[in-house]
Amino acid sequence: MPNKAPTIVRDIMSRDCYRVTGKTSVSTLAEGLAIHRLPGVPVVDERDHLIGFISERDVLGKVLESSYLNEEPPLVRELMRNEVLSVPPNKSITDLAQEMLGAKPKVYPVVEQSRLVGIVTRRDVLSAVLRMRHN
C-alpha cells in the first residue's frame, strides 16, 4: 500500500517540541531557539497548558538593550504574548495552509483539551501540501 498523504495536523506536527515556561530566562530561550532552529515557541505552565507564545522578534530588542546596559535579560513571562493562535490536531492541513497565507505566525502550537500536544510550522504544512499533490 502506498504512503498515504497526510491530511490533518496530527499527521505532521512535531510531538516532542521545544517549549518554555514563564520562568525561563530570555538567554536560555534564545539558546533553545537557535538549537532547535525555531522562530518562536509555546510557553506552558507546569501542567503543559498553553499560556503564551514568544518569538525571536519579541526578545531581540530586550536582549540587545540588556547587553548594552550590562543587565540580565528579563524572564519569558515579561515578554511573551498571551494571545496565541493555536490549532487542534484534527484541523485540515489545507485549511491551515489557507490561514498561513496571510501575515500569520510561522509556528502554531497544537492544543488538545487545553494542553500543548505539539507544534506545526509553515515548513511542515508546505511539505505536506506538496506530498498531497504528488499522491
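Let us now look at the confidence of the model for the protein chain. Averaged over all residues, the pLDDT of the protein chain is 90; the fraction at 70 or higher stands at 98%. At the low end of the mean pLDDT range in the protein chain sits helix H2 (residues 56-68), at 85; at the high end sits strand E1 (residues 40-44), at 96.

What follows deals with the pairing of strand E4 (residues 115-121). Most of E4 is tucked away: five of the seven residues are buried. Examined bridge by bridge, strand E3 (residues 107-112) and E4 share six bridges and lie antiparallel to one another. Within E4, the position partnered with Val 110 by the bridge is Gly 118. Hairpin connection between E3 and E4: a loop of two residues separates the two successive antiparallel strands, and Gln 113 in this loop has a positive phi of roughly 55°.

Pairing between side chains of opposite charge can happen when the charged atoms of each approach one another. Inspection of the entire model under this criterion finds six salt bridges. Where Arg 10 meets Glu 112, a salt bridge forms, and the shortest distance between an N and an O atom there is 3.0 Å. Placement of the pair is Arg 10 in the segment before helix H1 (26-36) and Glu 112 in strand E3, with a sequence separation of 102 residues. Arg 10 gets classed as partly exposed once you look at its relative accessible area, which sits at 30%. Note on Glu 112: relative accessible area 33%, which makes it partly exposed.

Turning our eyes to something else, we now look at H1. Within the sequence span of H1, burial applies to Val 26, Leu 29, Gly 32 and Leu 33. An end-on view of H1 places all buried positions within 115° of arc, on one side of the element. Every exposed residue of H1 that faces more than 90 degrees away from the buried side is listed here: Glu 31, Ala 34 and Ile 35. Buried positions along H1 lie against E1, strand E2 (50-55), H2 and helix H3 (76-79). Downstream of H1 by a residue or two, Arg 37 has a phi angle that is positive, lying close to 55°.

Cut-off values and rules
Residues numbered from 1 in each chain as written. Predicted model: local features only at pLDDT ≥ 70, side-chain atom pairs only at ≥ 80, totals over all residues. Heavy atoms only, no water. pLDDT = per-residue confidence, 0-100. Helix = DSSP H or I, 4+ residues; strand = E, 2+ residues; numbered from the N terminus. Buried < 20%, exposed > 50% of the residue type's maximum accessible area, 1.4 Å probe, protein only. Pairing = 2+ DSSP bridges. Salt bridge = Lys/Arg side-chain N within 4 Å of Asp/Glu carboxyl O. Arc of directions from axis to C-beta. Contact = heavy atoms within 4.5 Å.

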